Amino acid sequence: MEILDCPLLSVNVRVWHFWSFVLVHNWRRYVSILPVTLLNVFMFADLYRAWGNIEEVIINAYFAVLYFNAVVSARIPALVRLIAFSLQSIDDETITKLVTVYTRRARVLSISNLALGAFISGCFVVYPLFTGQRGLPYGMFIPGVNNFDSPQYEIFYITQLVLTVPGCCMYIPYTSFFTSSTLFGLVQIKTLQHQLRTFRLQDLGEGTAMLNRKLQKLISDHKRIIRYVQDLNDLVTYICLIEFLSFGLMLCALLFLLNIISVMAQIVIVGAYIFMILTQIFAFYWHSNEVREESMAIAEAAYSGPWLEVHNSIKKKLLLIIIRAQRPLEVTVGNVYPMTLEMFQSLLNASYSYFTLLRRVYN
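Residues numbered from 1 in each chain as written. Predicted model: local features only at pLDDT ≥ 70, side-chain atom pairs only at ≥ 80, totals over all residues. Heavy atoms only, no water.

Looking now at the overall build of the protein. The helix and strand tally for the protein stands at 10 helices and two strands. What you see in the protein, going N to C, is helices and strands ordered as α-α-α-α-α-α-α-α-α-β-β-α. The proportion of buried residues among the 363 residues of the protein is 50%. Sequence separation of 24 or more characterises 76% of the internal contacts of the protein that already satisfy a separation of 6 or more. (Helix = DSSP H or I, 4+ residues; strand = E, 2+ residues; numbered from the N terminus. Buried < 20%, exposed > 50% of the residue type's maximum accessible area, 1.4 Å probe, protein only. Contact = heavy atoms within 4.5 Å.)

Here we take up the pattern of salt bridges. Think of it this way: side chains of opposite charge can pair up when their charged atoms draw near. Under the criterion given, the structure shown has eight salt bridges. The residue Asp 46 makes a salt bridge to Arg 49 at a minimum N-O spacing of 2.8 Å. On the criterion of helical spacing, the pair formed by Asp 46 and Arg 49 is a turn pair, its members being three residues apart in helix H2 (residues 27-49). Asp 46 sits in the buried class, given a relative accessible area of 2%. Overlapping salt bridges bring together Lys 217, Asp 221 and Arg 224 as one network. (Salt bridge = Lys/Arg side-chain N within 4 Å of Asp/Glu carboxyl O.)

Attention now moves to the packing of helix H7 (residues 208-260) against helix H9 (residues 312-325). In contact at an axis separation of 9 Å, H7 and H9 are set at 15° when each is read in the N-to-C sense. Regarding the angle of H7 to H9, the classification is roughly parallel. H9 is crossed by H7, and the crossing has left-handed handedness. Contacts between H7 and H9 pair Thr 208, Leu 211, Asn 212, Leu 215, Gln 216, Ile 219, His 222 and Ile 226 from the former with Ser 313, Ile 314, Lys 317, Leu 318, Ile 321, Arg 324 and Ala 325 from the latter. When grouped by side-chain class, the residues that make up the contact of H7 with H9 number eight nonpolar, five polar and two charged. (Axes fitted to C-alpha atoms, helices over the stretch in contact; angles between N-to-C directions. Parallel < 35°, antiparallel > 145°, perpendicular 65-115°, else oblique. Left-handed = near helix turned anticlockwise from the far one by under 90°. Nonpolar A, V, L, I, M, F, W, Y, C, P; charged D, E, K, R; others polar.)

According to UniProt, the feature "transmembrane region" (unreviewed entry) maps to residues 30-51, 57-87, 108-130, 155-174, 235-257 and 263-286 in the numbering used here. End-to-end, the C-alpha atoms of residues 108-130 are 33 Å apart, and along that stretch the chain is 83% helix and 0% strand. This span, residues 235-257, is 100% helix and 0% strand, and a straight line between its end C-alpha atoms measures 34 Å. (UniProt positions renumbered as here; feature names shortened; annotations may be inferred.)

Right, let's get into the packing of aromatic side chains. For the coordinates displayed, the defined rule picks out 11 aromatic pairs. Judged by centre distance (6.4 Å) and plane angle (35°), the ring pair of Phe 148 and Tyr 153 falls under tilted. Note on Tyr 153: relative accessible area 10%, which makes it buried. Where Tyr 285 meets Phe 344, the ring centres are 6.0 Å apart and the plane angle is 45°; that geometry is what we call tilted. (Phe/Tyr/Trp six-rings, centres within 6.5 Å; stacked < 30°, edge-to-face > 60°.)

This part covers the packing of helix H6 (residues 152-197) against H7. Across the interface, H6 lies against H7 with an axial gap of 11 Å and an inter-helix angle of 155°. Viewed along their axes, H6 and H7 adopt a mutual orientation that is roughly antiparallel. For the pair H6 and H7, the sense of crossing is left-handed. For the contact of H6 with H7, the class distribution of residues is 15 nonpolar, six polar and four charged.

Let's shift gears to a nonpolar patch on the surface. A cluster of nonpolar side chains, Val 126, Leu 129 and Phe 130, forms an exposed patch at the surface whose accessible area comes to about 340 Å². Residue position: Val 126 is located in helix H5 (residues 94-126). Judged by relative accessible area, Val 126 falls into the partly exposed class, the value being 37%. (Patch = residues over 30% accessible without salt bridge, like charges linked within 9 Å, V, L, I, M, F, W, Y side chains within 5 Å. Areas by Shrake-Rupley, 256 points an atom, 1.4 Å probe, with all protein chains shown as cover.)

What follows is the structure, given as structure tokens:
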């Protein structure tokens, strides 16, 4: 299980491995996924029941969308297999130094996301205990059942408390793993850049045949990186589309809710919701933007290499790499829009515009 020992990815993969989401298949997978899926169905049913009560709908919709994304993220095993394959295909020594730099970044992001998610989830769960009336952490509706009569209320509350743990372990590591996957792609891209800049510096007396073999390997590495980013995009693009639409709408709705509530505890909770949405989306778009920018920098690295006194066949191979690098490697939203910082800014602008429109109509 080489993937478990990779420091760049191990934090998230070990969480999934414990719950049997990846690498193994046992009872833990069904004990976690099936109850969370059933809870999510009841949460959407409660949205239908509460339609018209704008405050209740906004809060419950946030959790319903969050748990829906957790269930959708069940595609993560294919992503882990993709990374595991790429790990076996890299044999360049330079990657060791690059992994050291990016591993620290990936582990800090993963651990901080888990800690933040656990803290805020704990706040979600215990908040109803301080409201002075019976309430559940997540709204749910079961036809013919009164959620607030004993012993149903106690049973449902404990059930939601328990299911919060696998729910967090399904979704929060996914956001971190997506970030780690893009960092892994960055390691490969920067390795290729280094090799292109130094492909002839070690031995200036290398013959044309040797240099041709080196360049052929670099072209193969470039093609492997292209396949890796394309496969990554195929696995996450529609999940990113769901999150783009749902979190954009929820950000607008939560801003509106923040504008109409007056209880300080509720303001703090809604502020925590908004902070979680922004941090999750920003992590996605920041690192996807880095992959895009660094993939185009491959052309600059190839041009910066020692190509002035080499044979024309070597120059032609370098020219092919430069031409291909003009097309950026992108992770997209629904195979339509690239995930860049400009797209992130557009999402924030659109959410705020709809918020101001909604506030004006409500007033």
